[in-house]
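Architecture and fold: a report
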Amino acid sequence: MTEWWHNRSAIDAHVHVHPDMAAELLDIMETNCLSSVVNAGILEILGLPFEEGMRAFRNVLGERMAYFTTPDFGDTIPGFGERMAEELERKVEAGARGLKIFKELGLRHKDASGNLIPVSDPRLDPLWAKAGELDVPVLIHTADPVAFFQPLNEANERWEELQRHPDWHFGGPEFFDHDTLLAQRNCIIERHPETVFIGAHLGNYPEDLAYVDVCLDHYPNFYVDTSARISEIGRHPAEQVRAFFLKHQERVLFGTDLVLGWGVFEDCRNRVFSEKLGFYDVHWRFFETNERQIDHPFPIQGRWKVSGIGLPDDVLGKLYFRNAQRLIPGL
Ligand SMILES: [Zn+2]
């Protein structure tokens with residue numbers, strides 16, 4: 001494997017780390033030559049006090065962590081979009097550097113009348129506009145792996161994972177389907193050209209690179225990260241994946257979805273994270289070498305292997321840190 005990353009400093013643009021795990025995170029960063037991380041939504045998701053959490057992060061990590069806040073969908077009485085926008089402004093003043101939207105938008109969040117809120121709901125427009133006005137990006141997770149929307153039986157390729165997490169299955173009639181959700185997301189990207197949207201998990205369609213390619217071509221304010229999807233991205237022929245990363249070298253951010261101290265994911269993620277070097281090492285091997293038959297970093301997603309895509313150094317530089325530095329204030 002190359003030694004390229006040893007003398008550079010990558011930014012992991014997608015992690016979820018509890019403030020109590022900040023020291024552990026710093027250790028992981030030092031071990032793996034990470035200069036900074038984007039820590040998304042954990043304080044609000046776990047109901048932790050914002051200022052205190054930010055102080056805890058800063059004490060250990062200094063300026064090496066950019067925190068992305070997430071709105072409170074517990075309040076969906078009329079005017080919620082405006083209130084979320086005001087809250088975003090307050091949080092950005094208090095140190096947040098972006099907005100994180102979890103997949104529950106479009107899948108679970110309901111308004112005060114009990115109706116599912118579509119991702120494209122105009123009542124949220126003030127929030128997207130505010131992010132653009134404040135010049136902070138929106139890291140948005142919409143939908144989920146395609147298999148989570150398909151019938152739940154042994155033929156489902158994520159059968160094993162879904163048996164452990166039945167609540168991750170969205171095949172029922174009460175849900176929008178996968179492609180509808182992504183179309184809703186594309187509507188807000190189109191309606192808010194001044195706002196930067198980073199589609200988590202390769203825009204949540206790593207199964208279909210052609211689809212992501214079209215989205216990136218179509219929306220100049222759309223970016224994607226690689227988090228938790230080396231498994232899917234690496235299933236395509238390596239040459240095809242490499243061509244995608246070369247074409248969109250200005251638009252893809254390196255991210256892993258490292259989770260520390262968020263119980264719901266411990267079983268499927270942290271067991272590989274405990275081998276700290278191993279987890280990031282697989283990512284470096286995937287992006288930097290042409291190795292074949294690599295074990296991907298998320299075994300629960302499927303037992304297949306992936307192929308490295310051997311990106312050139314200048315493209316790795318953009319993927320690992322330059323794109324994130326350009327989009328995220330203060331990195
Ligand atoms: Zn995540």
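The structure under discussion appears in the preceding block.
Since the model is a prediction, treat every value here as computed from it, not as a measurement.

About the thresholds
- Throughout this document, residue positions are counted from 1 along each chain, in the order its sequence is written.
- Note on the predicted model: pLDDT of at least 70 is required for a residue's local features to be given, and 80 or more for side-chain atom pairs to be given and counted; whole-chain, interface and lining totals, by contrast, use all residues.
- Side-chain metrics in this entry use all non-hydrogen atoms of the structure; hydrogen atoms and water are not considered.
- The secondary structure listing takes helices from DSSP runs of H or I that are at least 4 residues long and strands from runs of E that are at least 2 residues long, numbered from the N terminus.
- Restricting the calculation to C-alpha atoms gives the radius of gyration, and the globule rule supplies 2.2 Å times the number of residues raised to the power 0.38.
- Here's how the labels work: a residue is buried when its accessible area is under 20% of the maximum for its type, exposed when over 50%, partly exposed in between, all with a 1.4 Å probe on protein chains only.
- For this analysis, residues touch if any pair of their heavy atoms sits within 4.5 Å.
- Using the Shrake-Rupley algorithm and a 1.4 Å probe, accessible areas are obtained, with residue cover drawn only from the displayed protein chains.
- Two strands are said to pair when DSSP picks up at least two bridges between them.
- Any N, O or S atom lying within 2.8 Å of the metal counts as a donor, with the limit raised to 3.2 Å for Na, K and Ca; because water is left out of the atom set, some sites can appear incomplete.
- Salt bridges are defined as contacts in which a side-chain nitrogen from Lys or Arg sits within 4 Å of a carboxyl oxygen from Asp or Glu.
- Here the expected span of a helix is defined as 1.5 Å times the quantity of residues minus one.
- The angle separating two fitted axes, one through the seven residues that finish at a residue and one through the seven that start at it, defines the bend at that residue.
- In plain words, nonpolar cores are sets of buried Ala, Val, Leu, Ile, Met, Phe, Trp, Tyr and Cys residues tied together by side-chain atoms within 4.5 Å.

**Things to note about the overall build of the protein**
Check the secondary structure of the protein and you find 15 helices and 11 strands. Against the compact-globule benchmark of 20 Å for 331 residues, the protein has a radius of gyration of 19 Å, which places it among compact chains. Looking at the 331 residues of the protein, the share that counts as buried comes to 58%. Relative to all contacts within the protein whose residues are 6 or more apart in sequence, the contacts with residues 24 or more apart total 75%. Carbon and sulfur atoms make up 50% of the accessible area of the protein, which totals about 13000 Å².

**Things to note about the pairing of strand S1 (residues 10-17)**
Most of S1 sits inside the fold, with 8 of its 8 residues counted as buried. The pairing of S1 with strand S2 (residues 34-40) spans 4 bridges and is classified as parallel. Note on S2: the bridge partner recorded for Asp12 is Val37. As defined by bridge partners, S1 adjoins strand S9 (residues 258-260) across 3 bridges and the pair is classed as parallel.

**Regarding the coordination of the zinc ion**
Every protein donor of the zinc ion is listed here as His14 (NE2), His16 (NE2) and Asp257 (OD), and their distances to the metal cover 2.1 to 2.2 Å. Relative accessible area serves as the criterion here: at 3%, His16 is assigned to the buried category.

**Some remarks on the environment of Phe244**
Looking at the element boundaries, Phe244 is found in helix H12 (residues 238-247). Among the residues examined, Phe244 registers a relative accessible area of 6% and is labelled buried. Separated by 86 residues in sequence, Phe244 and Gly330 have C-alpha atoms that sit 28 Å apart. Not counting residues up to four positions away in its chain, the partners in contact with Phe244 are Leu202, Leu209, Val212, Asp213, Leu216 and Val252.

**Here's the deal with the pattern of salt bridges**
When the charged atoms of two side chains lie near each other, side chains of opposite charge can form a pair. Within the structure shown, the criterion is met by 23 salt bridges. The shortest N-O distance in the salt bridge between Lys305 and Asp295 comes to 2.6 Å. Of this pair, Lys305 sits in strand S11 (residues 305-306) while Asp295 sits in strand S10 (residues 294-295), and the two are 10 residues apart along the sequence. Taking relative accessible area as the criterion, Asp295 reaches 49% and is therefore assigned partly exposed.

**Some words on the sheet that holds strand S5 (residues 138-140)**
An order of S8-S7-S6-S5-S4-S3-S2-S1-S9 is seen for the 9 strands of this open sheet, with the pairing classed as parallel. Edge strands, defined here as strands with exactly one partner in the open sheet, are strand S8 (252-253) and S9.

**Overview of helix H15 (residues 313-327)**
In this model, H15 (15 residues) spans 20 Å end to end at C-alpha, consistent with the 21 Å of a helix rising 1.5 Å per residue. The largest bend along H15 reaches roughly 50° and is located at Leu319. Within the sequence span of H15, burial applies to Val315, Leu316, Gly317, Lys318, Leu319, Tyr320, Phe321, Asn323, Ala324 and Leu327.

**Quick word on the nonpolar core**
Within the largest apolar cluster, 102 residues are counted, with the highest numbers of intra-cluster contacts made by Trp128, Phe245 and Phe287. Among the elements that line this core, the one with the most residues is H15, at 7 residues. Those residues within four positions of Trp128 in sequence are excluded, and the remaining contacts are Leu99, Ile101, Leu105, Val119, Val138, Ile188, His192, Thr195 and Phe197.

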